[in-house]
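These are the residues of each chain, in order.
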Amino acid sequence: WGSILWWSVLGPAPPSSASMPSHRATPVLRRRAVLPSAVVAAAAVGVYCVARATSSADEAATRPRSVLGLADDQWGAPAGATQTPTPMAFLDVARKDLHSTVAGFFPGVMNGSTAMSKLLSAVEPYGLARHNTVFSTSVCPDEINSDPGHLTTLLTGYYGKSFPLGGLGGVPYWGRVGFFAMSHNVPEDGHILVVFGPHIGITPDGELGKVLRRGRSAKSTCGALTTAYDQLTSGGRPRGDRREPYWAWIRDALRPHLAAVRDSSQPMMALVRKFYQIVEDQVLAITTTSYCPGNLVLLGGITINMPHPAPGYFLPLHFSVRSKIMQPKDLMPALQL
């Protein structure tokens, strides 16, 4: 190894100094003295390259997906991701401009990456950062809400994890006890961000209340909310079941508004908007700044589940910040398109 290293750094190994004239021995010794410095320099360059590559990989892993390549256009996908064949049903989406249809139902709607970018910019002046913020959600546990591109999915990736407060329909069933438990996980100089609200699907042909899920050729009902509405409007009287308390809660909450929703020109749109207000009232009832050392930020809205592979959309309806020493402040202007 010594010969190889000598050859690669200084060239062919010279004869020993003993066999050389005295006037030539000194330069050889000088060349040998250079060897340790050259090895150290080469090792330093190698360590720097490895550290730089590791740092770049870590930075890319923790960067928001919108920066990684989840395009801000409506059909964006993560850069470098394997492109799956576009379903035939989705070709109709592009032709009919489903984005315009969704915007017609829900003015102010935006895709998840746009909502995330605006949110992070708005809360930065209030000290919320990745290292000092507990991210919490009160959204329906339907697996479609964890699809790539949804706001809550992106924020969970950004903050690293989330504390769930919600159950079916996005209602914060864990109540004050759940919020109390979550708030005690906040760093001493930290803050809380809660995203809440119901969700609703839309099909490639613009039908609200249903969705074309990945791997399925037929439309399916989207969420507990529409199922509860169907039960209430079917004419029957659903039996109570102690094993399904959440279903009973949703049905009881919807029953007073059933006539108004049913008589609407767009029942599904009226349904999800009405239920959003129910969820918001519950969130405001359980949240408090008594246990939070910093700021409490609330972002409420409606999640729209788009046909695969389109990213999820979000309609912001409430955005505020408050603390022990600050009255609630409206931040909704920051989310305007």
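Residues numbered from 1 in each chain as written. Predicted model: local features only at pLDDT ≥ 70, side-chain atom pairs only at ≥ 80, totals over all residues. Heavy atoms only, no water.

## Describing the packing of aromatic side chains
Put simply, the rule reads: Think of it this way: a Phe, Tyr or Trp ring, Trp meaning its six-membered ring, pairs with another when their centres are within 6.5 Å, and the plane angle makes it stacked under 30 degrees, edge-to-face over 60, tilted otherwise. Put simply, DSSP marks the helices as runs of H or I at least four residues long and the strands as runs of E at least two long, and each gets a number from the N terminus on.
For the structure on display, the rule yields 8 aromatic pairs. Between Phe180 and Tyr291 the ring centres are 4.8 Å apart and the planes differ by 90°, which places this aromatic pair in the edge-to-face class. Taken together, the residues Phe180 in helix 8 (residues 175–183) and Tyr291 in the loop between helix 12 (267–286) and strand 8 (296–305) connect sequence positions 111 residues apart. An aromatic cluster of three or more residues is present, and its members are Tyr173, Trp174, Tyr246 and Trp249.

## As for helix 10 (residues 245–254)
To be explicit about the condition: A 1.4 Å probe rolled over the protein chains alone gives each residue an accessible area, and that area as a share of the maximum for its type sets the label: buried under 20%, exposed over 50%, partly exposed in between. As used here, the arc belongs to the directions running from the helix axis to the C-beta atoms.
Every buried residue of helix 10 is listed here: Trp247, Ile250, Arg251, Ala253 and Leu254. Seen along its axis, helix 10 keeps its buried residues to an arc of 165°; they face one direction.

## Let's talk about the side chain of Asn305
The cut-off we apply is this: In protein, a polar contact requires one atom able to donate a hydrogen and another able to accept it; more generally it is a pair of N or O atoms within 3.5 Å, and residues adjacent in sequence count only if both atoms are side-chain atoms.
By the element assignment, Asn305 lies in strand 8. The exposure class assigned to Asn305 is buried, which follows from its relative accessible area of 0%. Within the structure, the side chain of Asn305 is placed 3.1 Å from the side chain of His150, a separation counted as a polar contact. A polar contact is formed between the side chain of Asn305 and the side chain of His199, at a distance of 2.6 Å.

## Concerning the nonpolar core
Put simply, the test is: Here, the term nonpolar core denotes a set of buried Ala, Val, Leu, Ile, Met, Phe, Trp, Tyr and Cys residues that are joined through side-chain atoms within 4.5 Å. Every residue pair with non-hydrogen atoms within 4.5 Å of one another is taken to be in contact.
Val102, Phe106, Phe275 and Ile304 are the most contacted members of the largest nonpolar core, which totals 47 residues. The greatest single-element share of this core, amounting to 9 residues, is contributed by helix 12. The residues contacting Val102, other than those within four sequence positions of it, are Val109, Ile202, Ile304, Met306 and Tyr313.

## So, the side chain of Asn111
For Asn111, the location among the structural elements is in strand 1 (residues 110–111). One polar contact links Asn111 to Thr114, side chain to side chain, over a distance of 2.8 Å.

## A look at the confidence of the model for the chain
This is how the line gets drawn: Confidence scores labelled pLDDT are given residue by residue by the predictor and lie between 0 and 100.
Per-residue pLDDT for the chain has a mean of 77; in total, 68% of the residues score no lower than 70. Contacts of residues 47–93 to residues separated by more than four positions or lying in other chains number 55 contacts, the stretch itself having pLDDT below 50.

## A word on the pairing of strand 2 (residues 133–138)
Two faces belong to every sheet, and in a regular strand the side chains alternate between them. For the record, the criterion: Only strands joined by at least two bridges in the DSSP assignment are considered to pair. Handedness is read with the strands pointing away from the viewer; a crossover is right-handed when the path from the first strand over the helix to the second is clockwise.
Judged by how many residues are buried, strand 2 sits mostly within the fold: 6 of 6 residues are covered. Burial along strand 2 is two-sided: the residues Thr133, Phe135 and Thr137 and Val134, Ser136 and Ser138 are all buried. Relative to strand 4 (residues 191–196), strand 2 runs parallel, the two being bridged by 6 bridges. What sits directly across from Phe135, in strand 4, is Leu193. Here 2 bridges tie strand 2 to strand 3 (residues 163–164), and the two strands are oriented parallel to one another. Considered in strand 3, the bridge of Thr137 is made with Pro164. Once you follow strand 2 into helix 7 (residues 151–159) and on to strand 3, the crossover reads as right-handed.

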